[in-house]
Amino acid sequence: MDHINLRSTGFAAANRDQDAFIDLDRLMTAVMRRARLIIICVICSMVLAGVYLLLASPRYTAMTQILIDENLSRYADDEQTSQSAQLIDNRMSSAVEIVKSKALALRVVDDLKLGDNNAFLNPPVSPVGLVKAGVKSVVSLVKPATPPPAEQDAQNGRREKAAAILQQSVTADRVGRSSVIAVALQSPEPQLSAQLAKAYAAAYVSEQLSANFDATEKASGWLQERLNDLNKRSQEAAMAVEQYKISNDLISPRGELLSSQQLADLTSQLIVAQADSATAAARYQQYKAITDQGPTVAVDNAIVSVGGAENSVIQDLRKRYQAAAERERSVLEQFGADHPQARMLATEKNALAQQIFGELQQLTAGFKNEFEVATSREKSLRASIEKVAGRNSDANVSQIQLRELEQRAASLKTLYQSYLDRFEQASQQQSFPIAHARVISNPGVPVSPSSPRKTLTMALSIVLGLFAGGGIATVLELRERGFRLGQDVRSHLGLRFIGYLALIKRAGGQTAATGQTLPQTAVDEGATATDPFIRKLTRVAVDYPRSAFAETLRNVKLACDQATPNRSCRVIGVVSALPGEGKSVVAANLAVMLGAMNKRTLLLDADSCNRGSSGILGAEPPNGLMEVLRGEAPWTSAITIDAKAKLAILPIASRNQAMPHTSDLLASADMDRLMETVNGRFDYVVVDLAPIVPAIDAKAFAPHVDSYLMVVEWGTTPVKLLQTVLEQETAIAAKTVGVILNKTDMDELPKYADPGAPERFRGQTGSYRSEEPVAV
């Protein structure tokens, strides 16, 4: 057969726009296409928000502010230390966590007796709370019953519950970079909120006082224990020092080493003894030298200085001797040596000289004794010093251990004194009623609820509705797998796009949107001509010849004529990938239109499963195509003539006949002979073939077909499915003249088109036609 392959491009064209930048026009088109869904989501979200606002229990918030000020204790602290920014931040963070702590919540619960406040423990329940309570009730019915708790346990449970509610209701935040903490409390009653906020601030300040007192008390107790221990250890160290001194003979009244003191004393005495010995020796040698010269010289040298009574006696004797000598000299000068007076004075002088000499001898003997005593004493001191020096060396070795003991004793004494000072300081600070916090803003009674916030809730509901609608719309767009535009056919399949066939409504306004089965689907599932609507549906192209529906079918005829220009009888196979896409209605309308154009047309029903086209045209002869191919009846007896449609119809088979192995019959030699016979009698043979995916009848009949018309359901048939089918069935793909998008919602079609696309101008092109089938 002569056939022109009109398939110009392959499947690679499907990916030509994948690397393109975001197309804002397409994005806006998608938004407008899903605008109804987005609006519905926004409305639903707002309705839910309204229900929430109606059912939610109001909450009132009271706020107080606490200043954390270290300067409050500047009069109590001995010294002030500067703090870095990091330390201040850490202190403020710790203060915030203390406000949120369970301990402070329990303190407030005890102060206000919230454990016995049923209004606080059981506030109005929200819808979510009601659901939870219902679930708990159901679960409690299933679970085994537990004995009721004791009164003390129940009271503790209420106390813990009140503290947990408080912790959930309190919020504490630092105000900027200041030292102020803002504490906010929520409750169902405004008076209770203010009371709770005030109690929280007072509890925090009291907690600070208690914490300071407890810390100081603990520190005092610990310091007292340390002081007792240090005092005991210090005393033991001092006793060890004294015991060591005693045991090593290292003690003296002046606090020095006894050996050192003895050595110093002996050294001093030795120095004195040496001086005395030297003095005695000098004196003894001087007087010995005088006495050795005789009495006369001794008298002349008796002027040496001596101490004591001896010196005075010698002086008196010397004075008497000098007086006698003076008188003797005077007598000698006057009377001569023979004068008795001179002799008497000479005798007196000799006697006095002897006396002086005797006195000098006595002094010399005394000085000798003194010299010998001093020398002996010096020797004795030297011996003692040598003995004490030996003991002092041993004492110096022992003194090293003594110093170590003394250092330990001194350290313990110093440490004891330091702890004693700190203990006294802690004891004094324990009585200071000063906290590092004060309330700078008392809470007021709130006049309006803080939650739920109606404006914010409604605004958030709109935003959430937009997000939800946008998300659903995005999912739907991403799940879009069907054909919506003729451009999709050309880009994904590389086939010619013939046109759109509109979704025809039943005369009562029933559409697929209302849950009614579409006419084409009903026909493909084996409908008959008993329904007037079905009969009208097969004649849309004839009843509305100037409609877009008829124009599309005329485009089909033109495409087939161009594909096989030299054929006198053109065999047109109408196929679809899946059942229910409306191919039978398309085949019937195409055949009826060709008949109305005075073309000798045969409608050959080759769909053995549904008998769609012949059934809806009312062709029910006793024999059909299967009987003809099996040789049970001539083909002329199986044809039914529809005079109104000017159409010959050859059904697949009689309705009471089973049709196994139809593909073998369609590919048989009998089918070849039948097609050669009808080719000489008809101008067009429209063949309603079975769907390609579930059956192979269309493939078996391919040698007899001049042109295939692919019917695709708008927005339903997956692109990937049709691509796979045409890749596998190359014989069908090569003869496919084009694709029709059937059951198109013409009102929704412009929403899928890009700006400037022909589908956007449907309103203008529709006015060009005088009639358009909307409902039949």
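For the structure itself, consult the block above.
> Where do I start with the overall build of the chain in this structure?
Within the chain one finds 29 helices and twelve strands. Residues counted as buried form 41% of the 776 residues belonging to the chain. Within the structure as shown, the chain displays about 41,400 Å² of accessible surface, and the carbon and sulfur contribution to it stands at 55%.

> Would you mind showing me how to read the nonpolar core here?
Generally speaking, soluble globular proteins have nonpolar side chains that are buried together. If you look at the biggest cluster of nonpolar residues, it comprises 58 residues, and the most contacted ones within it are Leu604, Leu625, Met671, Leu674, Val685, Leu689 and Phe701. The contacts of leucine 689, once residues within four sequence positions are left out, are Gly573, Val574, Val575, Lys583, Ala606, Asp607, Ala698, Phe701, Val705 and Tyr708. Membership of the second largest hydrophobic core comes to 35 residues, among which are Phe533, Val592, Ile649 and Val711.

> Can you walk me through the pairing of strand E6 (residues 570–576) in this structure?
Looking along a regular strand, one sees side chains alternate from face to face of the sheet. Among the seven residues in E6, seven count as buried, and that is most of the element. Along E6, one buried face is formed by Arg570, Ile572, Val574 and Ser576 and the opposite face, lined by Val571, Gly573 and Val575, is buried too. As judged from the five bridges shared by E6 and strand E10 (residues 684–689), these two strands associate in the parallel manner. Each bridged residue has a counterpart across the sheet, and for valine 574 the counterpart in E10 is aspartate 688.

> Please explain helix H13 (residues 454–478) as it appears in this structure.
Each α-helix winds once per 3.6 residues, and so residues spaced three or four apart point in a common direction. Between its terminal C-alpha atoms H13 stretches 35 Å, which fits the 36 Å expected from 25 residues at 1.5 Å a residue. Considering only its buried residues, H13 is in contact with helix H2 (35–55).

> Where do I start with the sheet that holds E10 in this structure?
Two modes of strand pairing occur in sheets, parallel and antiparallel, and in both the strands are linked by backbone hydrogen bonds. What the eight strands build is an open sheet, ordered E5-E12-E11-E6-E10-E7-E9-E8; its pairing is mixed. Each edge of the sheet is formed by a strand with only one pairing partner; in this case those strands are strand E5 (497–502) and strand E8 (640–642). Here the strands of the sheet are splayed against their neighbours by 25° on average, with no regard to which way each runs. The strands touched by helix H18 (residues 548–563) within the sheet are E5, E6, E10, strand E11 (707–713) and strand E12 (736–744), with E5 carrying the most contacts at an inclination of about 155°.

> Help me out: how do you make sense of the side chain of serine 547 in this one?
The topology assignment puts serine 547 in the loop between helix H17 (540–543) and H18. From its side chain, serine 547 meets the backbone oxygen of tyrosine 544 in a polar contact 2.7 Å long.

> What's the story with the packing of H2 against H13 in this structure? I'm lost.
Helix-helix packing: each pair is described by the crossing angle between the helix axes and the interaxial distance. The geometry of H2 relative to H13 is characterised by a closest axis approach of 7 Å and an angle of 145° between their N-to-C directions. Taken as a pair, H2 and H13 cross one another with a handedness that is right-handed. Residue classes in the contact of H2 with H13 are distributed as 16 nonpolar, seven polar and one charged.

Cut-offs and rules
- Residues numbered from 1 in each chain as written.
- Predicted model: local features only at pLDDT ≥ 70, side-chain atom pairs only at ≥ 80, totals over all residues.
- Heavy atoms only, no water.
- Helix = DSSP H or I, 4+ residues; strand = E, 2+ residues; numbered from the N terminus.
- Buried < 20%, exposed > 50% of the residue type's maximum accessible area, 1.4 Å probe, protein only.
- Areas by Shrake-Rupley, 256 points an atom, 1.4 Å probe, with all protein chains shown as cover.
- Core = buried A, V, L, I, M, F, W, Y, C linked by side-chain atoms within 4.5 Å.
- Contact = heavy atoms within 4.5 Å.
- Pairing = 2+ DSSP bridges.
- Expected span 1.5 Å × (residues − 1).
- Axes fitted to C-alpha atoms, helices over the stretch in contact; angles between N-to-C directions.
- Polar contact = N/O pair within 3.5 Å; in protein donor to acceptor, adjacent residues only side chain to side chain.
- Left-handed = near helix turned anticlockwise from the far one by under 90°.
- Nonpolar A, V, L, I, M, F, W, Y, C, P; charged D, E, K, R; others polar.

Bear in mind that shape data such as this cannot, by itself, settle questions of function.
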